[in-house]
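Chain by chain, the residues:
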Amino acid sequence: MLAALDPQRSVIAFIGLGIMGKPMARNLLKAGFRLRVHNRSRAAVEELAALGAQAADSPREAAQGADAVVTMLPDSPDVEQVVLGPGGVVEGLRPGGVLVDMSTISPTVTRRLAQELARRGMAMLDAPVSGGEKGAIEGTLSIMVGGDPAVFEACRPLLQALGKNIVYIGPSGAGQVAKACNQIVVAVTLQAVSEALTLAERSGVDPARVRHALLGGFASSRILELHGQRMLERNFRPGFKVRLHHKDLGIALAAGKAAGVPLLATALVHELLGALEARGMGDWDHSALAALLQELAGAPAGPPTAPPQPAESGPPPGGPAPAR
Ligand code: NAP
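Residues numbered from 1 in each chain as written. Predicted model: local features only at pLDDT ≥ 70, side-chain atom pairs only at ≥ 80, totals over all residues. Heavy atoms only, no water.

Regarding the overall build of the protein
Next, step 1: On a plain count of helices and strands, the protein comes out with 13 helices and 9 strands.
Next, step 2: Taking 2.2 N^0.38 as the reference for a compact globule, 324 residues should give roughly 20 Å; the C-alpha atoms of the protein span a radius of gyration of 20 Å, in line with that estimate.
Next, step 3: Projected onto the principal axes, the alpha-carbon positions of the protein cover approximately 65 × 45 × 35 Å.
Next, step 4: Among the 324 residues that make up the protein, the fraction classed as buried is 52%.
Next, step 5: Partitioning the contacts of the protein with sequence separation of at least 6, the portion at a separation of at least 24 is 68%. (Helix = DSSP H or I, 4+ residues; strand = E, 2+ residues; numbered from the N terminus. Rg over C-alpha atoms; globule rule 2.2 N^0.38 Å. Buried < 20%, exposed > 50% of the residue type's maximum accessible area, 1.4 Å probe, protein only. Contact = heavy atoms within 4.5 Å.)

The structure is reproduced here in structure tokens:
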């Protein structure tokens, strides 16, 4: 069984240094872990190397000598390629090592990966997160974990460096099912907030005052608070990209189909996010759902929306985008 990870002694490999992964890797360094980092593009690797991490040219090189490998990648095929592909994690990780996949991916792919690793004597946790870039920077993510409970306990010190609300959900894939549930609630609430604020505006009522009033009652939520404010400002810099939430709702719909649960509202928002992506807005923040609705409502274009920033240029001015 894996010995408990120790911030003073354990070596962690971190692969995928994007909006979420880069600040998470920084928090592992701050906690004292020895860190090896890899990313497809190089800039973020060099940034982390300047802070004391060891740069690696491939997932295999990152995993060599590591006790645990954390992946924070966009989608299921990315994780499959990084773990099992040529030069992948399994070629470098020692038997007894553990993969902690914190990306949001399919529960089915997760279970298959866990089986592949188990055949090689390696363990795997699925540990997707909620809390957005802000939670990643502040180390306050909510983490939903699937896998062997003993492996979860051994990895707790690592997870504690990244998040606050760390919940063991169940066996392999259960963490990803929990994350799909999270994404349903976030997506449907985003659409509800878009509709409420657009209705106010098109009725000649100040949407900022409506948001303020709603925050004091049953309609209150973090989405109304943070994303509602972004919608009022028409600030659609990511944050959480439209294309990633579209991907997540695809995962949720597949899980719904497998479980025989019709996810009616999820399907609607999935289509709307797809429409945004088809318009070339896949890299905008998912609160751009409000921009689409305004257009459908025949609203004038309004002040220019902020274009998304390339990932390399870091968080937008004014601080990180809101948590989700
Ligand atoms: P992101 O900014 O697009 O970052 C993804 C990173 O993975 C990029 O740095 C990318 O490198 C790297 N990458 C992609 N393929 C790779 C490969 N084959 N080998 C090595 N590195 C590779 O995405 P993110 O927002 O951080 O999200 C990451 C995951 O967390 C996703 O599953 C997302 O659904 C989930 N999530 C995101 C948020 C959020 O608010 N953003 C919140 C919770 C969960 P390049 O620099 O070359 O593109």
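Section: the pattern of salt bridges
Next, step 1: All told, the structure shown has 19 salt bridges when counted by the stated rule.
Next, step 2: Across the salt bridge formed by glutamate 295 and arginine 279, the nearest N and O atoms sit 2.8 Å from each other. Taken together, the positions of glutamate 295 in helix α13 (residues 289-296) and arginine 279 in the loop between α12 (264-278) and α13 put the pair 16 residues apart, joining distant regions of the chain.
Next, step 3: Ionic contacts of the salt-bridge type, sharing partners, join the residues Lys22, Arg26 and Glu47 into one network. (Salt bridge = Lys/Arg side-chain N within 4 Å of Asp/Glu carboxyl O.)

Overview of the nonpolar core
Soluble globular proteins: nonpolar side chains tend toward being buried together.
Next, step 1: If you look at the biggest cluster of nonpolar residues, it comprises 39 residues, and the most contacted ones within it are Phe14, Met102, Ile143, Leu158 and Leu159.
Next, step 2: If one sorts the elements of this core by residue count, helix α7 (residues 149-160) sits on top with 6 residues. (Core = buried A, V, L, I, M, F, W, Y, C linked by side-chain atoms within 4.5 Å.)

Considering the environment of lysine 164
Next, step 1: Mapped onto the elements, lysine 164 comes out in strand β9 (residues 163-170).
Next, step 2: Setting aside chain neighbours within four positions, we find lysine 164 in contact with Gly139, Thr140 and Leu141.

A look at the packing of aromatic side chains
Next, step 1: Inspection of every chain in the model, using the stated rule, returns 2 aromatic pairs.
Next, step 2: For the ring pair phenylalanine 152 and tyrosine 168, a centre distance of 5.4 Å and an interplane angle of 35 degrees mean the geometry is tilted. Highlighted residues: phenylalanine 152 in helix α7 and tyrosine 168 in strand β9, separated in sequence by 16 residues.
Next, step 3: Phenylalanine 152 gets classed as buried once you look at its relative accessible area, which sits at 3%.
Next, step 4: You can call tyrosine 168 partly exposed: its relative accessible area is 30%. (Phe/Tyr/Trp six-rings, centres within 6.5 Å; stacked < 30°, edge-to-face > 60°.)

Quick notes on the pairing of strand β4 (residues 68-71)
Next, step 1: Alternating positions in β4 separate into two faces, Ala68 and Val70 on one and Val69 and Thr71 on the other, with burial throughout.
Next, step 2: Of the strand pairs in this sheet, strand β1 (residues 11-15) and β4 are connected by 4 bridges, and their pairing is parallel. Bridge assignment links isoleucine 12 to a residue of β4, and that residue is alanine 68.
Next, step 3: Pairing geometry for β4 and strand β5 (residues 98-101), over 4 bridges, is parallel. (Pairing = 2+ DSSP bridges.)

Quick word on the packing of helix α11 (residues 242-259) against α12
To describe two helices that pack against each other, one gives the angle between their axes and the distance between the axes.
Next, step 1: For the pair α11 and α12, interaxial distance at closest approach is 9 Å and the crossing angle is 150 degrees. The way α11 lies across α12 gives a crossing that is left-handed. Here Val242, Arg243, His245, His246, Leu249, Gly250, Ala252 and Leu253 of α11 come into contact with α12, specifically with Thr266, Ala267, Val269, His270, Leu273, Gly274, Leu276 and Glu277.
Next, step 2: Across the contact of α11 with α12, the residue classes tally to 8 nonpolar, 6 polar and 2 charged. (Axes fitted to C-alpha atoms, helices over the stretch in contact; angles between N-to-C directions. Left-handed = near helix turned anticlockwise from the far one by under 90°. Nonpolar A, V, L, I, M, F, W, Y, C, P; charged D, E, K, R; others polar.)

Description of the side chain of serine 194
Next, step 1: When you line up the elements, serine 194 lands in helix α8 (residues 174-202).
Next, step 2: Separated by 3.4 Å, the side chain of serine 194 and the backbone nitrogen of alanine 290 make a polar contact.
Next, step 3: Excluding anything up to four places from it in sequence, serine 194 contacts Met231, Leu289, Ala290 and Leu293. (Polar contact = N/O pair within 3.5 Å; in protein donor to acceptor, adjacent residues only side chain to side chain.)

Comments concerning helix α10 (residues 222-233)
Next, step 1: Compared with the 16 Å implied by 1.5 Å per residue over 12 residues, the 16 Å span of α10 between its first and last C-alpha is a close match.
Next, step 2: Ile223, Leu224, Leu226, His227, Gly228, Arg230 and Met231 are the residues of α10 that are buried.
Next, step 3: Backbone geometry just downstream of α10 places arginine 234 in the positive-phi region, at approximately 55 degrees. (Expected span 1.5 Å × (residues − 1).)

What to know about the pairing of β5
Next, step 1: The two faces of β5 match: Val98 and Val100 on one face and Leu99 and Asp101 on the other face are all buried.
Next, step 2: Each parallel crossover has a hand, and the one from β4 via helix α4 (residues 76-84) to β5 is right-handed.
Next, step 3: For β5 and strand β6 (residues 123-126), the ladder comprises 4 bridges, and the chain directions are parallel. Counted as the bridge partner of leucine 99 is methionine 124 from β6.
Next, step 4: On the question of chirality, the crossover connecting β5 to the parallel β6 by way of helix α5 (residues 107-119) is right-handed. (Right-handed = clockwise from strand over helix to strand, strands pointing away.)

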